[in-house]
Amino acid sequence: MIQRRTALGASFGLVIVIAGIGALPRPTTAQSSAVDLRNVVTGEKLDFSDVLPEGKDTPGVKQFLATGHNPYITDASCLKKGEQTFLAACSGCHGHIGEGKIGPGLADNYWTYPQNTTDAGLFSTVFGGANGQMGPHNESLTLDDMLQVTAWVRHLYSGPVADAEWLNDEQKKAYKPYKLGETFPDNPPGMCAKTGKS
(Lines give C-alpha, C1' and ligand atoms only; values in the text may rest on other atoms or scores of the structure.)
Protein backbone atom coordinates (compact mmCIF):
# COMPACT_ATOMS: atom_id res chain seq x y z
CA MET A 1 0.00 0.00 0.00
CA ILE A 2 2.85 2.41 0.85
CA GLN A 3 4.61 1.55 -2.41
CA ARG A 4 1.39 2.21 -4.32
CA ARG A 5 0.96 5.65 -2.64
CA THR A 6 4.59 6.51 -3.31
CA ALA A 7 4.27 5.51 -6.96
CA LEU A 8 1.03 7.46 -7.27
CA GLY A 9 2.59 10.51 -5.59
CA ALA A 10 5.64 10.34 -7.83
CA SER A 11 3.46 10.02 -10.93
CA PHE A 12 1.30 12.96 -9.83
CA GLY A 13 4.44 15.05 -9.14
CA LEU A 14 5.82 14.21 -12.57
CA VAL A 15 2.53 15.31 -14.20
CA ILE A 16 2.71 18.65 -12.33
CA VAL A 17 6.34 19.20 -13.41
CA ILE A 18 5.55 18.39 -17.05
CA ALA A 19 2.49 20.66 -17.00
CA GLY A 20 4.61 23.42 -15.46
CA ILE A 21 7.26 23.08 -18.16
CA GLY A 22 4.57 23.27 -20.85
CA ALA A 23 3.33 26.54 -19.36
CA LEU A 24 6.75 28.22 -19.58
CA PRO A 25 7.11 30.80 -22.33
CA ARG A 26 8.70 29.29 -25.40
CA PRO A 27 11.44 31.04 -27.34
CA THR A 28 10.13 32.43 -30.60
CA THR A 29 11.84 33.07 -33.88
CA ALA A 30 9.17 35.52 -34.96
CA GLN A 31 9.68 39.25 -35.08
CA SER A 32 11.03 41.38 -32.30
CA SER A 33 8.78 44.36 -32.82
CA ALA A 34 6.10 46.33 -31.03
CA VAL A 35 4.24 46.39 -34.36
CA ASP A 36 2.34 43.33 -35.56
CA LEU A 37 4.12 42.63 -38.86
CA ARG A 38 2.64 39.71 -40.80
CA ASN A 39 3.08 38.04 -44.15
CA VAL A 40 0.44 39.56 -46.46
CA VAL A 41 -0.50 36.15 -47.92
CA THR A 42 -0.26 33.67 -45.03
CA GLY A 43 -0.85 36.00 -42.07
CA GLU A 44 2.14 34.49 -40.23
CA LYS A 45 4.31 36.78 -38.12
CA LEU A 46 7.44 37.90 -39.94
CA ASP A 47 10.55 36.06 -38.78
CA PHE A 48 13.50 38.39 -38.15
CA SER A 49 15.78 35.70 -36.72
CA ASP A 50 17.81 35.33 -39.92
CA VAL A 51 17.86 38.84 -41.41
CA LEU A 52 21.03 40.28 -42.88
CA PRO A 53 23.14 41.54 -39.97
CA GLU A 54 23.99 44.95 -41.38
CA GLY A 55 21.22 47.53 -41.41
CA LYS A 56 19.07 45.86 -38.77
CA ASP A 57 19.81 48.17 -35.84
CA THR A 58 19.75 51.60 -37.45
CA PRO A 59 17.80 54.39 -35.75
CA GLY A 60 15.29 54.28 -38.61
CA VAL A 61 14.70 50.52 -38.24
CA LYS A 62 14.33 50.86 -34.47
CA GLN A 63 11.83 53.67 -34.88
CA PHE A 64 9.86 51.72 -37.50
CA LEU A 65 9.73 48.55 -35.36
CA ALA A 66 8.48 50.60 -32.42
CA THR A 67 5.85 52.65 -34.28
CA GLY A 68 5.05 50.99 -37.62
CA HIS A 69 5.73 54.31 -39.38
CA ASN A 70 8.58 54.66 -41.85
CA PRO A 71 10.71 57.64 -40.71
CA TYR A 72 12.35 57.84 -44.15
CA ILE A 73 9.21 58.84 -46.09
CA THR A 74 10.26 62.48 -46.68
CA ASP A 75 13.99 62.23 -45.90
CA ALA A 76 15.95 63.11 -49.07
CA SER A 77 19.04 61.14 -47.95
CA CYS A 78 16.96 57.98 -47.64
CA LEU A 79 14.99 58.62 -50.81
CA LYS A 80 18.22 58.86 -52.83
CA LYS A 81 19.35 55.44 -51.56
CA GLY A 82 15.84 54.03 -51.87
CA GLU A 83 15.72 55.05 -55.53
CA GLN A 84 19.00 53.23 -56.22
CA THR A 85 17.78 50.07 -54.49
CA PHE A 86 14.42 50.26 -56.27
CA LEU A 87 16.09 50.54 -59.68
CA ALA A 88 18.32 47.54 -58.90
CA ALA A 89 15.84 45.25 -57.13
CA CYS A 90 12.30 46.28 -58.08
CA SER A 91 12.09 48.15 -61.37
CA GLY A 92 12.42 45.00 -63.50
CA CYS A 93 8.91 43.99 -62.40
CA HIS A 94 7.33 47.26 -61.26
CA GLY A 95 8.81 49.67 -63.84
CA HIS A 96 11.37 52.43 -63.39
CA ILE A 97 8.81 54.85 -61.97
CA GLY A 98 6.42 52.32 -60.48
CA GLU A 99 4.22 52.26 -63.59
CA GLY A 100 3.98 48.46 -63.49
CA LYS A 101 5.24 45.74 -65.83
CA ILE A 102 4.82 42.09 -64.87
CA GLY A 103 4.27 43.35 -61.32
CA PRO A 104 1.55 45.86 -60.42
CA GLY A 105 1.95 49.61 -60.65
CA LEU A 106 2.98 51.27 -57.40
CA ALA A 107 2.45 54.95 -58.17
CA ASP A 108 -1.34 55.16 -58.05
CA ASN A 109 -3.94 54.73 -55.32
CA TYR A 110 -4.81 51.10 -56.12
CA TRP A 111 -3.10 48.47 -53.96
CA THR A 112 -3.35 44.74 -54.68
CA TYR A 113 -3.07 44.22 -50.93
CA PRO A 114 -5.09 46.86 -49.05
CA GLN A 115 -2.71 46.68 -46.08
CA ASN A 116 -0.04 48.24 -48.32
CA THR A 117 -1.64 51.61 -47.65
CA THR A 118 0.21 51.43 -44.32
CA ASP A 119 3.98 51.50 -43.89
CA ALA A 120 3.85 48.23 -41.94
CA GLY A 121 1.87 46.53 -44.72
CA LEU A 122 4.15 47.67 -47.54
CA PHE A 123 7.25 46.72 -45.55
CA SER A 124 5.71 43.28 -44.87
CA THR A 125 5.11 42.75 -48.60
CA VAL A 126 8.72 43.58 -49.45
CA PHE A 127 10.07 41.50 -46.55
CA GLY A 128 7.91 38.39 -46.93
CA GLY A 129 6.79 38.52 -50.54
CA ALA A 130 3.30 38.10 -51.97
CA ASN A 131 1.42 36.08 -54.57
CA GLY A 132 2.61 35.75 -58.14
CA GLN A 133 6.27 36.48 -58.77
CA MET A 134 6.76 38.82 -55.80
CA GLY A 135 9.26 36.83 -53.80
CA PRO A 136 10.52 37.77 -50.34
CA HIS A 137 13.45 40.19 -50.21
CA ASN A 138 14.53 39.40 -46.65
CA GLU A 139 17.61 37.54 -47.89
CA SER A 140 18.75 40.14 -50.43
CA LEU A 141 17.94 43.47 -48.71
CA THR A 142 18.67 44.66 -45.19
CA LEU A 143 15.81 45.92 -43.02
CA ASP A 144 17.14 49.45 -43.56
CA ASP A 145 17.25 48.90 -47.35
CA MET A 146 13.60 47.83 -47.21
CA LEU A 147 12.61 51.00 -45.39
CA GLN A 148 14.52 53.09 -47.91
CA VAL A 149 12.96 51.36 -50.91
CA THR A 150 9.44 51.60 -49.46
CA ALA A 151 10.05 55.31 -48.82
CA TRP A 152 10.96 55.61 -52.51
CA VAL A 153 7.79 53.78 -53.52
CA ARG A 154 5.82 56.29 -51.44
CA HIS A 155 7.72 59.11 -53.15
CA LEU A 156 6.68 57.79 -56.58
CA TYR A 157 3.02 58.10 -55.59
CA SER A 158 1.09 60.42 -57.88
CA GLY A 159 -2.47 59.70 -56.75
CA PRO A 160 -4.77 61.90 -54.67
CA VAL A 161 -3.11 63.08 -51.47
CA ALA A 162 -6.27 62.22 -49.52
CA ASP A 163 -5.63 58.53 -50.31
CA ALA A 164 -2.03 58.63 -49.06
CA GLU A 165 -2.78 57.08 -45.66
CA TRP A 166 0.93 56.77 -44.88
CA LEU A 167 1.37 60.56 -44.78
CA ASN A 168 0.58 62.52 -41.63
CA ASP A 169 -1.34 65.84 -41.86
CA GLU A 170 1.82 67.94 -42.10
CA GLN A 171 3.27 65.70 -44.83
CA LYS A 172 -0.02 65.86 -46.76
CA LYS A 173 0.14 69.68 -46.76
CA ALA A 174 3.68 69.56 -48.22
CA TYR A 175 2.89 66.74 -50.67
CA LYS A 176 4.01 67.23 -54.27
CA PRO A 177 3.43 64.40 -56.76
CA TYR A 178 6.54 62.79 -58.21
CA LYS A 179 7.87 64.45 -61.35
CA LEU A 180 9.82 62.37 -63.87
CA GLY A 181 13.48 63.39 -63.87
CA GLU A 182 13.44 64.64 -60.29
CA THR A 183 16.89 64.31 -58.73
CA PHE A 184 18.53 64.63 -55.33
CA PRO A 185 22.00 65.88 -54.45
CA ASP A 186 24.64 63.15 -54.07
CA ASN A 187 24.75 63.19 -50.27
CA PRO A 188 21.84 65.17 -48.84
CA PRO A 189 21.61 65.51 -45.05
CA GLY A 190 19.28 63.19 -43.17
CA MET A 191 18.99 59.85 -41.38
CA CYS A 192 20.63 57.92 -44.24
CA ALA A 193 23.44 60.39 -44.96
CA LYS A 194 26.97 59.05 -45.25
CA THR A 195 28.83 59.63 -42.03
CA GLY A 196 32.34 59.23 -43.42
CA LYS A 197 32.77 55.92 -41.56
CA SER A 198 33.50 52.84 -43.62
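Residues numbered from 1 in each chain as written. Predicted model: local features only at pLDDT ≥ 70, side-chain atom pairs only at ≥ 80, totals over all residues. Heavy atoms only, no water.

- In the nomenclature of an unreviewed UniProt entry, the chain corresponds to Cytochrome c-L from the organism Methylobacterium aquaticum.
- Recorded under Subcellular location (unreviewed entry), the UniProt text for the chain is reproduced unchanged: "Periplasm".
- Listed in UniProt under the heading Function (unreviewed entry), the comment for the chain reads: "Electron acceptor for MDH. Acts in methanol oxidation." (UniProt positions renumbered as here; feature names shortened; annotations may be inferred.)

**Considerations on the UniProt feature "binding site: heme c" (unreviewed entry) in the chain**
Turning to step 1, where the next piece is worked out: As recorded in UniProt, the sites labelled "binding site: heme c" (unreviewed entry) are C90, C93 and H94. Set against the largest pocket, the annotated residues named above that line it are C90, C93 and H94.
Turning to step 2, where the next piece is worked out: Tracing the backbone shows C93 in helix 4 (residues 91-94).
Turning to step 3, where the next piece is worked out: Dropping the residues within four chain positions of it, C93 is found in contact with G100, K101, I102 and G103.
Turning to step 4, where the next piece is worked out: As for its placement among the helices and strands, H94 is situated in helix 4.
Turning to step 5, where the next piece is worked out: A residue is classified by how much of its surface remains accessible, and H94, at 11% relative accessible area, is buried. (1 Å grid on protein atoms, 1.4 Å probe; cavity = no way out; pocket = protein on both sides within 12 Å on 5 of 7 lines; lining within 4 Å. Helix = DSSP H or I, 4+ residues; strand = E, 2+ residues; numbered from the N terminus. Contact = heavy atoms within 4.5 Å. Buried < 20%, exposed > 50% of the residue type's maximum accessible area, 1.4 Å probe, protein only.)

**Here we look at the state of the cysteines**
Turning to step 1, where the next piece is worked out: Under the definition given, this model contains one disulfide.
Turning to step 2, where the next piece is worked out: Here C78 is linked by a disulfide to C192, with a sulfur-sulfur distance of 2.1 Å. Its torsion about the S-S bond being 90°, the disulfide of C78 and C192 is classed as right-handed. Linking C78 in helix 3 (residues 76-89) with C192 in the segment after helix 7 (169-174), this pair joins segments that are 114 residues apart in sequence. The burial state of C78 is the same as that of C192; both residues are buried.
Turning to step 3, where the next piece is worked out: Here C90 stays unpaired: no disulfide links it, and the sulfur of C93, its closest cysteine neighbor, is 8.6 Å away.
Turning to step 4, where the next piece is worked out: In this structure C93 comes out as partly exposed when scored by relative accessible area, which is 28%. (Disulfide = S-S within 2.5 Å.)

**Some remarks on the packing of aromatic side chains**
Ring pairs (aromatic) are described by centroid distance and by the angle formed between their planes.
Turning to step 1, where the next piece is worked out: With the rule as written, the count across this model stands at nine aromatic pairs.
Turning to step 2, where the next piece is worked out: Geometrically, the ring pair formed by W111 and W166 is edge-to-face, given 6.1 Å between the ring centres and 85° between the ring planes. Taken together, the residues W111 in the loop between helix 4 and helix 5 (119-128) and W166 in the loop between helix 6 (143-156) and helix 7 connect sequence positions 55 residues apart. Pair check on accessibility: W111 and W166 agree, each one buried.
Turning to step 3, where the next piece is worked out: With a centroid separation of 6.1 Å and an interplanar angle of 50°, the aromatic rings of Y157 and Y175 are classed as tilted. One end of the pair, Y157, is in the loop between helix 6 and helix 7; the other, Y175, is in the segment after helix 7, and 18 residues separate them in sequence. Neither residue differs from the other here; Y157 and Y175 are each classed as buried. (Phe/Tyr/Trp six-rings, centres within 6.5 Å; stacked < 30°, edge-to-face > 60°.)

**So, the layout of surface pockets**
Turning to step 1, where the next piece is worked out: What the largest pocket holds in volume is close to 500 Å³.
Turning to step 2, where the next piece is worked out: Taken together, 27 residues make up the lining of the largest pocket; nearest its centre are H94, G103, P104, T125 and M134.
Turning to step 3, where the next piece is worked out: Across the lining of the largest pocket, the residue classes tally to 16 nonpolar, 11 polar and no charged.
Turning to step 4, where the next piece is worked out: Computed from the structure, the second largest pocket encloses a volume of approximately 320 Å³.
Turning to step 5, where the next piece is worked out: Lining the second largest pocket we find 14 residues, and of these T74, H155, A174, Y175 and K176 sit closest to its centre.
Turning to step 6, where the next piece is worked out: Across the lining of the second largest pocket, the residue classes tally to eight nonpolar, three polar and three charged. (Points joined across faces, edges and corners; volume = space filled by probe spheres on them. Nonpolar A, V, L, I, M, F, W, Y, C, P; charged D, E, K, R; others polar.)

**Considering the pattern of salt bridges**
Turning to step 1, where the next piece is worked out: What the rule picks out here adds up to four salt bridges.
Turning to step 2, where the next piece is worked out: The residue D36 makes a salt bridge to K45 at a minimum N-O spacing of 3.3 Å.
Turning to step 3, where the next piece is worked out: Overall, D36 belongs to the partly exposed group, its relative accessible area being 45%.
Turning to step 4, where the next piece is worked out: Here K45 falls in the partly exposed class, since its relative accessible area comes to 42%.
Turning to step 5, where the next piece is worked out: Taking the shortest distance from any N to any O, the salt bridge between K80 and D186 comes out at 3.9 Å. Of this pair, K80 sits in helix 3 while D186 sits in the segment after helix 7, and the two are 106 residues apart along the sequence.
Turning to step 6, where the next piece is worked out: Using a relative accessible area of 17% as the deciding quantity, one classes K80 as buried.
Turning to step 7, where the next piece is worked out: Classification of D186 as exposed rests on a relative accessible area of 69%.
Turning to step 8, where the next piece is worked out: Each of D36, R38 and K45 takes part in one network of salt bridges that share partners. (Salt bridge = Lys/Arg side-chain N within 4 Å of Asp/Glu carboxyl O.)

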